[in-house]
Amino acid sequence: MDKLLVTGGAGFIGSDFVHYVLANTDSSVTVLDKLTYAGSLASLEGLPEDRFRFVHGDICDAELVNGLFAEHDAVVHYAAESHNDNSLSGPAPFVQTNLIGTFTLLEAARATGVRYHHISTDEVYGDLELDDPERFTEQTPYNPSSPYSSTKAGSDLLVRAWVRSFGVQATISNCSNNYGPRQHVEKFIPRQITNVIDGVRPRLYGQGLNVRDWIHADDHSSAVLRILEKGRIGDTYLIGADGEKSNREVVELILQTMGQEADAYDLVTDRPGHDMRYAIDWSKLRDELGWQPEYRDFAAGLEATIAWYRENEAWWRPQKAEAEAKYAVSGQ
Ligand SMILES: NC(=O)c1ccc[n+]([C@@H]2O[C@H](COP(=O)([O-])OP(=O)(O)OC[C@H]3O[C@@H](n4cnc5c(N)ncnc54)[C@H](O)[C@@H]3O)[C@@H](O)[C@H]2O)c1
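Residues numbered from 1 in each chain as written. Predicted model: local features only at pLDDT ≥ 70, side-chain atom pairs only at ≥ 80, totals over all residues. Heavy atoms only, no water.

Colleague: Please clarify how the overall build of the protein chain should be interpreted in this entry.
Modeller: Counting its secondary structure elements, the protein chain contains 11 helices and 13 strands. Computed over C-alpha atoms, the radius of gyration of the protein chain comes to 19 Å, within 12% of the 20 Å expected from 2.2 N^0.38 for 332 residues, which places it in the range of a compact globule. By principal-axis analysis of the C-alpha atoms, the protein chain measures approximately 55 × 45 × 40 Å. Looking at the protein chain residue by residue over its 332 residues, the buried ones come to 55%. Residue pairs in contact within the protein chain that sit at least 24 positions apart in sequence constitute 80% of those at least 6 positions apart. Once the 30 positive and 50 negative side-chain charges of the protein chain are each reduced to a mean point, those two points are 2 Å apart. (Helix = DSSP H or I, 4+ residues; strand = E, 2+ residues; numbered from the N terminus. Rg over C-alpha atoms; globule rule 2.2 N^0.38 Å. Buried < 20%, exposed > 50% of the residue type's maximum accessible area, 1.4 Å probe, protein only. Contact = heavy atoms within 4.5 Å. Lys, Arg positive; Asp, Glu negative; His and termini not counted. Charge placed at Lys NZ, Arg CZ, Asp CG, Glu CD.)

Colleague: Explanation requested: the packing of aromatic side chains in the structure shown.
Modeller: Inspection of every chain in the model, using the stated rule, returns 13 aromatic pairs. Pairing tyrosine 179 with phenylalanine 298 gives two aromatic rings, centres 5.0 Å apart and planes at 70°, and the pair type is edge-to-face. You can see tyrosine 179 sitting in strand 7 (residues 178–179) and its partner phenylalanine 298 sitting in helix 10 (residues 298–311), a full 119 residues away along the chain. Aromatic pair tryptophan 282 and tryptophan 291: ring centres 5.5 Å apart, planes at 80°, arrangement edge-to-face. In this structure an aromatic cluster arises from ring pairing among Tyr125, Phe136, Tyr142 and Tyr278. The ring of phenylalanine 166 carries the charged tip of arginine 110 above its face, separated from the ring centre by 3.8 Å. Between the NZ or CZ atom of lysine 326 and the centre of the ring of tyrosine 37, over which it lies, the distance is 4.2 Å. (Phe/Tyr/Trp six-rings, centres within 6.5 Å; stacked < 30°, edge-to-face > 60°. Lys NZ or Arg CZ within 6 Å of the ring centre and 35° of its normal.)

Colleague: Is there a simple way to think about the site of the ligand in this case?
Modeller: Taken together, 28 residues lie around the ligand, and Ile13, Asp33, Ser82, Tyr148 and Lys152 are the ones closest in. Between glycine 11 and the ligand, the recorded distance is 3.0 Å, taken from a backbone N or O atom to an oxygen atom. Here an oxygen atom of the ligand and a backbone polar atom of threonine 36 are 3.0 Å apart. In the complex, 97% of the free accessible area of the ligand, which totals 840 Å², lies under the protein chains. At the level of elements, helix 1 (12–24), strand 5 (115–121) and helix 5 (147–166) are the ones that each hand at least two residues to the shell around the ligand. In terms of residue count, the dominant contributor to the shell around the ligand is strand 5 (three residues). Counted by class, the shell around the ligand contains 12 nonpolar, 12 polar and four charged residues. (Near = heavy atom within 4 Å. Polar contact = N/O pair within 3.5 Å; in protein donor to acceptor, adjacent residues only side chain to side chain. Areas by Shrake-Rupley, 256 points an atom, 1.4 Å probe, with all protein chains shown as cover. Nonpolar A, V, L, I, M, F, W, Y, C, P; charged D, E, K, R; others polar.)

Colleague: Help me understand the pairing of strand 1 (residues 3–7) in this model?
Modeller: A regular strand places its side chains so that they alternate between the two faces of the sheet. Of all the five residues making up strand 1, four are buried; the element is thus mostly covered by neighbouring parts of the structure. The sheet contact formed by strand 1 and strand 2 (residues 28–33) spans five bridges and is parallel. Bridged to lysine 3 within strand 2 is serine 28. In this view, the connection linking strand 1 to its parallel neighbour strand 2 by way of helix 1 has right-handed handedness. (Pairing = 2+ DSSP bridges. Right-handed = clockwise from strand over helix to strand, strands pointing away.)

Colleague: Looking at this model, I keep getting lost on the nonpolar core. Mind explaining?
Modeller: The nonpolar side chains of soluble globular proteins are, as a tendency, buried together. Phe17, Val18, Val29, Phe52, Tyr78, Ile239 and Leu285 are the most contacted members of the largest nonpolar core, which has 42 residues in total. Only strand 1, helix 1, strand 2, strand 4 (74–77), helix 7 (217–230), strand 11 (236–239) and helix 9 (283–289) provide two or more residues apiece to this core. (Core = buried A, V, L, I, M, F, W, Y, C linked by side-chain atoms within 4.5 Å.)

Colleague: Would you explain the environment of asparagine 210 in this entry?
Modeller: Residue placement: asparagine 210 occurs in the loop between strand 8 (203–205) and strand 9 (211–213). For the pair asparagine 210 and arginine 248, spaced 38 residues apart in sequence, the C-alpha to C-alpha distance is 8.0 Å. In this structure asparagine 210 touches Tyr205, Lys245, Ser246, Asn247, His274, Asp275 and Met276, once residues within four positions along its chain are discounted. Side chain to side chain, asparagine 210 and histidine 274 meet in a polar contact 3.3 Å long.

Colleague: So what exactly am I meant to see when it comes to the sheet that holds strand 3 (residues 52–56) here?
Modeller: Hydrogen bonding along the main chain pairs the strands of a sheet, whether they run parallel or antiparallel. The strand order 3-2-1-4-5-6-11 describes an open sheet built from seven strands, whose pairing is parallel. With partners counted over all chains shown, the strands left at the sheet margins are strand 3 and strand 11, one partner each. Recorded for the sheet is a direction-independent mean angle of 20° between the axes of neighbouring strands. With four bridges joining them, strand 6 (residues 170–175) and strand 11 adopt parallel strand pairing. The residue bridging asparagine 174 from the neighbouring strand is leucine 238, located in strand 11. (Axes fitted to C-alpha atoms, helices over the stretch in contact; angles between N-to-C directions.)

Structure representation (structure tokens):
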């Protein structure tokens with residue numbers, strides 16, 4: 001895998017993967033990114049110039065995509081519309097980028113035979129009850145709740161069909177919720193951290209009981225690299241790190257770590273169709289590919305993430321007012 005093409009590499013997890021690959025391998029990386037409101041060139045600063053190239057463009061542009069596939073050994077597809085709340089207020093770009101964009105990449109993979117890895121989410125499986133002893137596995141039936149998760153589910157199914165019908169050399173991974181540096185402030189953890197920095201009380205949907213299974217973005221990146229190098233073509237791998245926490249627990253930890261009272265937050269109207277709990281069984285990745293997460297201590301990872309947002313206000317400040325204006329419309 002000397003030459004990697006990474007779509008959506010100016011976003012949160014895509015940029016983490018680009019930094020991870022350039023720091024831990026000799027590969028060169030090209031990023032293809034449209035730079036939507038969620039993409040930031042600042043997330044790609046400091047990379048080695050001789051091994052990194054940025055291409056500004058849309059994954060739905062077949063001519064551009066075909067040309068780029070032909071120049072690379074493998075493609076890792078992160079580009080997406082990724083925010084559930086936005087998918088409720090305006091689903092059209094989710095259908096366009098997540099479905100048509102993936103279709104465009106798969107057709108290029110079919111034409112060129114290039115190795116393709118598809119990044120997806122555990123949200124395709126719907127949700128679990130709080131007291132359900134089960135966790136999601138690779139066999140769990142798809143049951144998405146939102147326009148975001150349904151377009152991601154649809155994109156996964158396109159990949160499976162292109163593998164089976166056309167022999168495309170693809171793998172899929174479905175990961176739980178990521179945290180770490182360079183995540184857009186519209187997302188749960190950065191929103192709460194930057195609100196506290198701004199002296200604004202954090203806001204929790206509903207009663208704050210919803211559970212997410214947190215994983216550090218670097219662990220997601222190391223797992224993706226492992227699957228790209230060693231995964232079985234046509235297979236799906238779940239990525240997680242045993243990080244189940246209720247939203248309330250996370251906010252209380254953020255507040256305490258930032259020197260506030262643990263209960264200094266407000267409850268607001270719940271998100272429609274809000275999934276209750278996600279939980280990942282990642283034993284296939286461990287047993288078949290020998291992967292392990294490195295960030296086992298959520299409190300320590302969160303503390304480092306808080307420090308990053310404190311030290312990098314210039315990165316997130318330009319996003320903050322627009323993100324909060326969107327939440328203000330729904331009273332959240
Ligand atoms: N954030 C999570 O917790 C999480 C968990 C599991 C899976 N995922 C998946 O990981 C991927 C990346 O998520 P993220 O949180 O980094 O998202 P993000 O919103 O931070 O970044 C998305 C990136 O894609 C780019 N993009 C959007 N539309 C594009 C288009 N048409 N053409 C080219 N580029 C385009 C944006 O400019 C941005 O840089 C997504 O596929 C998401 O479903 C995310």
